[in-house]
Amino acid sequence: MTTAYLSRDALARYLDRSRITGAVATPREANLRNVQGFLDGDQHQHMGVERTREWDFDSVFGLMRDRVGINDDPSYVSGQDSISAQLCVARLDEYAEIFSRAVQGRKRLLFATGHPSGLAPVYARLARVARASGARVIRFDEALPFEDGDVRQIEDVVMVEQYGGLRHTHFPEPMRLVLEHLQEQGRQAPDLVIADHGMAGWAGSRAGLPTIAMGDCNDPGIFVAEAQGQVEVVVPLDDNVAPHLYDPLVDYIISRAGLAGQERP
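Residues numbered from 1 in each chain as written. Predicted model: local features only at pLDDT ≥ 70, side-chain atom pairs only at ≥ 80, totals over all residues. Heavy atoms only, no water.

- The name given to the protein chain in an unreviewed UniProt entry is Taurine ABC transporter ATPase, with the source organism recorded as Kocuria rhizophila.

Okay, structure coming up:
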């Protein structure tokens with residue numbers, strides 16, 4: 001496990017080298033297509049986000065340029081796109097501050113991901129640190145039926161299972177099912193949701209819960225939720241690199257949150 005905490009500048013350089021930011025793997029075509037898909041209400045791209053003001057292609061494109069760092073040339077329609085390391089680190093600072101307040105206040109936290117192959121270990125580490133520091137990490141034992149699989153928790157992280165594997169999903173319904181399940185059990189809602197994709201979108205936009213998120217350059221819906229004040233902060237990054245590459249980023253969050261030394265093996 002990484003123990004050396006990088007400075008802001010060193011982390012930015014690392015993020016570009018590892019392609020978590022910089023010239024990321026996501027093609028420009030997908031980014032532009034998903035902007036239009038969000039506007040059209042595509043079930044994979046709306047991410048549970050309720051629009052509270054008018055958005056058109058230019059305004060969503062401008063949002064992704066300013067908050068993510070995609071190529072700012074509208075005529076650039078094919079090839080590789082980008083994410084700004086500086087924007088990523090700035091949002092990580094905000095993310096860490098909100099996470100720190102919740103953990104040190106011993107709040108109820110719920111972790112969830114639609115990207116199990118990349119981000120599940122990130123949230124699992126944060127959950128371990130949160131619990132070791134006295135926060136209440138929400139757990140439930142049941143598997144909640146969803147489509148051809150179920151919604152379940154693995155290492156404190158809500159994910160979707162299908163055919164014996166973990167499924168990538170943009171859908172918001174898994175978060176709705178979890179929150180309804182907690183309510184049916186007479187349990188209190190989370191004080192903070194730490195998630196991504198539609199699970200963050202539903203928690204922040206529809207359920208009105210304080211939410212912090214991570215989002216890729218092809219996930220405009222969650223950045224719209226942030227712009228509308230429905231999600232506290234969204235960290236722009238490639239959300240599906242090899243999990244170990246996120247270790248310095250998680251170290252940075254833990255350090256900035258003042259929780260270094262709280263992690264248990």
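### Observations regarding the overall build of the protein chain
Alright, step 1. Helix and strand counts for the protein chain stand at 9 helices and 11 strands.
Alright, step 2. Its C-alpha atoms give the protein chain a radius of gyration of 17 Å, within 12% of the compact-globule value 18 Å for 265 residues.
Alright, step 3. Taken along its principal axes, the extent of the C-alpha atoms in the protein chain is 50 × 40 × 35 Å.
Alright, step 4. With 265 residues in all, the protein chain has 58% of them scored as buried.
Alright, step 5. Once local pairs closer than 6 in sequence are excluded, the contacts in the protein chain between residues at least 24 apart make up 69%.
Alright, step 6. Counting only carbon and sulfur atoms, one obtains 45% of the accessible surface of the protein chain, whose full area is about 11000 Å².
Alright, step 7. Of the side chains in the protein chain, 27 bear a positive and 38 a negative charge, and the two mean positions are spaced by 7 Å. (Helix = DSSP H or I, 4+ residues; strand = E, 2+ residues; numbered from the N terminus. Rg over C-alpha atoms; globule rule 2.2 N^0.38 Å. Buried < 20%, exposed > 50% of the residue type's maximum accessible area, 1.4 Å probe, protein only. Contact = heavy atoms within 4.5 Å. Areas by Shrake-Rupley, 256 points an atom, 1.4 Å probe, with all protein chains shown as cover. Lys, Arg positive; Asp, Glu negative; His and termini not counted. Charge placed at Lys NZ, Arg CZ, Asp CG, Glu CD.)

### Regarding the environment of Cys 217
Alright, step 1. Along the chain, Cys 217 falls in the loop between strand 10 (211-215) and helix 8 (220-227).
Alright, step 2. On the basis of relative accessibility, which here comes to 2%, the residue Cys 217 falls in the buried class.
Alright, step 3. For the pair Cys 217 and Asp 81, spaced 136 residues apart in the sequence, the C-alpha separation amounts to 8.1 Å.
Alright, step 4. Beyond its immediate chain neighbours, meaning those up to four positions away, Cys 217 contacts Val 24, Thr 26, Asn 31, Met 64, Val 68, Ile 70, Ser 82 and Ile 83.

### Quick word on the nonpolar core
Alright, step 1. Among the nonpolar cores identified, the biggest contains 46 residues, and Tyr 95, Phe 99, Leu 109, Phe 111, Leu 126, Met 214 and Ile 253 are the most heavily contacted of them.
Alright, step 2. In contact with Tyr 95, not counting residues within four places along its chain, are Tyr 123, Leu 126, Ile 194, Ile 212, Ala 213, Met 214, Val 233, Val 235 and Ile 253.
Alright, step 3. Listed in part, the 45 residues of the second largest apolar core include Trp 55, Val 60, Val 151 and Val 224. (Core = buried A, V, L, I, M, F, W, Y, C linked by side-chain atoms within 4.5 Å.)

### Topic: the packing of helix 6 (residues 173-184) against helix 7 (residues 197-206)
Alright, step 1. Closest axis-to-axis distance for the helix 6/helix 7 pair is 7 Å, and the angle between their directions is 50 degrees. Judged on the interaxial angle alone, helix 7 and helix 6 are oblique. Contacts between helix 6 and helix 7 involve Pro 174, Met 175, Arg 176 and Leu 179 from the former and Met 199, Trp 202 and Ala 203 from the latter.
Alright, step 2. Residues belonging to the contact of helix 6 with helix 7 are distributed by class as follows: 6 nonpolar, no polar and 1 charged. (Axes fitted to C-alpha atoms, helices over the stretch in contact; angles between N-to-C directions. Parallel < 35°, antiparallel > 145°, perpendicular 65-115°, else oblique. Nonpolar A, V, L, I, M, F, W, Y, C, P; charged D, E, K, R; others polar.)

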